[in-house]
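# Fold and contact review
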Amino acid sequence: MSTKSAELRLLIEGMSCASCVSRVEKALSDVPGVRSVSVNLASNRAELALDKGTAASELVAAVNKAGYQCPTEQAELVIGGMSCASCTGRIEKVLSRLPGVLSARVNLAAERAYVEWLAGSQDISALVATVEKAGFSAEAAEDAPAADEGHGRERERQSLKRSLIMAAVLTLPVFVLEMGAHFVPGMHEWINNTLGQALNWRIQFVLASLVLFGPGLLFLKKGLPALLRGAPEMNSLVALGGLAAWGYSTVATFAGHWLPAGSRQVYFEAAAVIVTLILLGRFLEARAKGRTGEAIEKLLGLQAPSARVERNGSTEEVPLERVRVKDKVRVRPGERIPVDGTVVEGASWVDESMLTGEPEPVEKKKGSEVTGGTVNNKGSLLIAVTQVGKETRLSQIIRMVEQAQGAKLPIQALVDKVTGVFVPVVMTLSLLTFVLWWWLGPAPALSFALVNAVAVLIIACPCAMGLATPTSIMVGTGRAAELGVLFRKGEALQALRGVKVIAFDKTGTLTEGKPELTDLQVNEGFDKDEVLAQIASVEQRSEHPIAEALLAAARERDLNLPEVSEFDTVTGMGVKAKIDGVRVEVGADRYLKSLDMDLSVFADTAHKLADEGKTPLYAAIDGKPAAILAVADRIKEGTADAITALHEQGLKVAMITGDNKGTAEAIATQLGIDAVEAEVMPDGKVEALEHLRQQHGTVAFVGDGINDAPALAAADVGLAIGTGTDIAIEAADVVLMRGDLRAVPQALAISHATLRNIRQNLFWAFAYNVCLIPVAAGVLYPAFGLLLSPMLAAGAMALSSVFVVSNALRLKRFRGA
């Protein structure tokens, strides 16, 4: 057992007595690595002494298995000072080692860390202190408003720009003095005759020193401490390479007699150019990275700073943070709606393209709901505020996009493994290169050894690896949000790509969800109007969309609806009640058959209706079949186009519905749907999905209702229609902000485009290093006499990161399926 130990304090929920305490103590004591446990019922806390490295997830699992819960907390940190994938790995490692931390993931492109820990075991100040101890800056995201963050990134770009200009101005003379002779005939002799070698080298020394210890100081200040901490990263490679070239050249200039004969050469231009080119790469990368977060910046820009509130008979303009629920807000034509609310006065057309991606304005009148951030085009509106602050739809969208952009996809696991050992391996290869060239290389061996070892240090760039995945995720999810597709979970980006079948709920998803009564046939001895009035009376107690259609039909005929008693719903089957002591049952054929009623009198009509894709329903009055009626639900505009687009992407399309098999298959034939799961009870959708999964493979489910939530959660990927219920949206992985199903193939298309972009980036990042590190080490020299100059290595390194970010930015031009 390890002698190193740590203390941990846990909150435990669900304990009510001394036996609970005993069960929790026993459960925790049985976890390997737990030395002692003390549980306090009054404070609901457990005090533990652990071996260092004991996984917090095992403690949670033990408590859960015992029947209790450990609440968790989450935080988002803004991290400064990261430069490559090694930095993200270092921060994740130090945070994960903290007692009670369940997960820590760091996004290099977003400069964010997302941490989850057991409540009571840590606090944000401890997380910040841990990151700072590792050599980076950190603060809680809520303490760093997005506007300040944007200014911070702009300040960083401006600082890099100033450093780059200074470095370039100082480097140019060094480059001309040392390399000019290779480009201009006779320049070498002219420099020797006018300056002389000694003065020439001293001038280069002064200028290169100003570059390395001026603009280049940022590499030294970050790289050398990281090296001393045993956690080298990209800055360490640059610092070692630059200092090696500068140090060797300084010795050659002022103590050349210390060096072997023929090895007295200077490489000041390499040290200076390395710093300048990498600063150029950093500047271009910072400028490009700034564009990856434009989607969030655009969304933030939609938030109005103030609102015109009507209070006590007067109108007052107040800051948005002072607006309260139930306030009345006046919005004039052309203004941005500041809050979520309901129109209580006026009518207008509102541009909701920021939510749905649809350019057509939407009509708003009294009773209509409006969303903060949308634009009021024409009329004046008075709005009763329903949501403010973080509860508004726009704030929730921003939060969803931020969470998706901070996701770490499964594909990133390979990158993390490689980058965890990358820098130490590169340093080892550099040292090996130096030794082999000094031992086996031609004269001057020491010079060759130095140049090639420095080239290996500089060419190896973990930046491109670290940026390959997060930049693509940030741009891809941002572009998706602009098109009205919100990835609530970034992992869905990768999961969608593997989907084989898309299953749609029918009512409200494939159809409008507003059925209309199209047919009514009564049995012999029954009056059509009387039967419809009785059916409508029973259905007015139901919340099913079909009930609305029947009530609407009764109102159109001005029928008087009798009083109903003993109303009851038979889940998934129908409804029943009594009217003047007479029993009335309304529902699907399976309901009336379960009551042992013979429906053969309506058989021909039922077949005809089903062939037309209509849903036949039956009514029984006083135990006798009284009527068959048909309710048709109009197919949504764009549904057929969406299914065609999914087929073009090579996917199977399925429909899950409670309709009888004949009706369901008629609709499926009409729309070109491949598979049908018919007569599915509301609680049977999960089972239907499992059946589709067994037949076709990975399944995605698209739905919008409360009863779709279990299926959305059970599917490999759940897509919720954003016009549906909040419960469905919460259960989904992806939210489609408009009801148009053409957003489904669009979500799949952007998933494929983003994953393809990530693969391109990773191929470049890995292939670049696999190919160029051996070239920098000199493997081409024996056969071709070719060596890679440290200056060219620095240029290639800088361009690798710029290439990866620029490639990710191509996703901004994504237009959809």
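Look up: the structure comes first, before these words.
Numbers given for residues are sequential positions, taken from 1 along each chain in its written order. In keeping with the predicted nature of the model, local features appear solely for residues at pLDDT of at least 70, side-chain atom pairs appear and are counted solely at 80 or more, and the whole-chain, interface and lining totals rest on all residues. Side-chain descriptors were evaluated using all non-hydrogen atoms of the structure, hydrogens and water having been removed beforehand.

## A word on the overall build of the protein
The helix count covers DSSP runs of H or I at least four residues long, the strand count covers runs of E at least two residues long, and both are numbered beginning at the N terminus. From N to C terminus, the protein includes 30 helices and 29 strands. Overall, the protein is about 120 × 65 × 65 Å in size when its C-alpha atoms are taken along their principal axes. A simple rule labels every residue: compare its accessible area, found with a 1.4 Å probe on the protein chains alone, to the largest value its type can have, and call it buried under 20%, exposed over 50%, or partly exposed in between. Counting over 817 residues, the protein shows a buried share of 52%. Working rule for contacts: check all heavy atoms of both residues, and any pair within 4.5 Å makes them a contact. Summarising the internal contacts of the protein: among those between residues at least 6 apart in sequence, 68% fall at separations of at least 24. Surface summary for the protein: the accessible area is close to 36300 Å², and the carbon and sulfur share equals 54%. Neither His nor the chain ends is counted toward charge; the positive residues are Lys and Arg and the negative residues Asp and Glu. Every charge is mapped onto a representative atom, which is NZ of Lys, CZ of Arg, CG of Asp or CD of Glu. The averaged location of the 91 negative side-chain charges in the protein is 9 Å from the averaged location of its 80 positive side-chain charges. Here, Shrake-Rupley sampling with a 1.4 Å probe gives the accessible areas, and only protein chains in the shown set may cover a residue.

## Quick word on the pattern of salt bridges
Any Lys or Arg side-chain nitrogen found within 4 Å of a carboxyl oxygen on Asp or Glu counts as a salt bridge. Going through the model one piece at a time under the given rule, you end up with 21 salt bridges. Measuring nitrogen to oxygen at the nearest pair gives 3.2 Å for the salt bridge that ties arginine 332 to glutamate 335. Relative accessible area serves as the criterion here: at 42%, arginine 332 is assigned to the partly exposed category. Given a relative accessible area of 21%, glutamate 335 falls into the partly exposed group. Residue glutamate 585 pairs with arginine 583 through a salt bridge whose shortest N-O separation is 2.6 Å. Given a relative accessible area of 2%, glutamate 585 falls into the buried group. What makes arginine 583 partly exposed here is its relative accessible area of 37%. Connected through shared salt-bridge partners, Arg308, Glu317, Arg332 and Glu335 make up one network.

## Remarks on the packing of helix α15 (residues 445-459) against helix α28 (residues 743-777)
With axes taken as lines fitted to C-alpha atoms, and helix axes fitted only over the stretch in contact, angles between N-to-C directions fall between 0 and 180 degrees. Two elements in contact, α15 and α28, have axes separated by 8 Å at closest approach and are oriented at 165°. On the basis of their axis angle, the class for α15 and α28 is roughly antiparallel. Considering the relative orientation of α15 and α28, their crossing is right-handed. The segment α15 lies against α28, with Asn452, Ala455, Val456 and Ile459 engaging Tyr768, Asn769, Leu772, Ile773, Ala776 and Ala777. Ten residues, namely Ala, Val, Leu, Ile, Met, Phe, Trp, Tyr, Cys and Pro, are considered nonpolar, four, namely Asp, Glu, Lys and Arg, are considered charged, and the remaining ones, Gly among them, are considered polar. Class assignment for the residues of the contact of α15 with α28 results in eight nonpolar, two polar and no charged. For classification, angles of less than 35 degrees are called roughly parallel, those exceeding 145 degrees roughly antiparallel, those between 65 and 115 degrees roughly perpendicular, and all remaining angles oblique. Crossing handedness is defined as follows: a turn of the near helix away from the far one that is anticlockwise and smaller than a right angle gives a left-handed crossing, while the clockwise case is right-handed.

## Quick notes on the packing of aromatic side chains
Each Phe, Tyr or Trp ring, with Trp reduced to its six-membered ring, pairs with another whose centre is within 6.5 Å; inter-plane angles below 30 degrees give stacked pairs, above 60 give edge-to-face pairs, and intermediate values give tilted ones. Enumeration over the complete set of coordinates arrives at twelve aromatic pairs. A ring pair is formed by tyrosine 248 and tyrosine 267, whose centres lie 6.0 Å apart and whose planes are at 45°; its orientation type is tilted. A residue pair is termed long-range when its members are at least 10 positions apart, and tyrosine 248 in helix α9 (residues 234-254) and tyrosine 267 in the loop between α9 and α10 (268-292) qualify at 19 residues. For the pair formed by tyrosine 248 and tyrosine 267, the shared burial category is buried. Joined through ring pairs, the aromatic side chains of Phe205, Phe213, Trp246, Phe254 and Phe268 make up one cluster.

## Considering the sheet that holds strand β7 (residues 137-140)
If you trace the four strands from one edge of the open sheet to the other, you get β5-β6-β4-β7, paired in antiparallel fashion. One side of each edge strand has no neighbouring strand; the edge strands of this open sheet are β5 (101-107) and β7. On average, adjacent strands in this sheet sit at an angle of 25° to one another, irrespective of strand direction. One ladder, built from six bridges, connects β5 with strand β6 (residues 112-118); its direction is antiparallel. Any two strands between which DSSP finds at least two bridges are classified as paired.

## As for a positive patch on the surface
A surface patch of like charges, here positive, comprises Arg497, Lys500, Arg756, Arg759, Arg810, Arg813 and Arg815. With respect to the helices and strands, the residue arginine 497 is situated in helix α17 (residues 492-497). Patches in this entry comprise residues that are over 30% relatively accessible and not in a salt bridge; like charges within 9 Å are linked, as are nonpolar side chains (Val, Leu, Ile, Met, Phe, Trp, Tyr) within 5 Å.

## Here we look at a nonpolar patch on the surface
There is a patch of nonpolar side chains on the surface, built from Val421, Val425, Leu429, Leu432, Leu436, Trp439 and Leu440 and spanning about 690 Å² of accessible area. One can find leucine 432 in helix α14 (residues 412-440).

## Observations concerning the pairing of strand β1 (residues 5-11)
Only one face of β1 is covered, namely the one carrying Ala6, Leu8 and Leu10; the face carrying Ser5, Glu7, Arg9 and Leu11 has none of its residues buried. Taken together, the seven bridges between β1 and strand β3 (residues 45-51) define a ladder with antiparallel strand orientation. By the bridge assignment for β3, leucine 8 is matched with leucine 48.

## Overview of the sheet that holds strand β12 (residues 348-351)
Spatially, the three strands line up as an open sheet ordered β13-β12-β15, and their pairing is antiparallel. Each of the sheet's edge strands pairs with one partner strand only, and the pair in question is β13 (362-364) and β15 (375-376). Pairing analysis gives two bridges linking β12 to β15, with the strands arranged antiparallel. Residue pairing for β15: aspartate 351 is matched across the bridge by valine 375.

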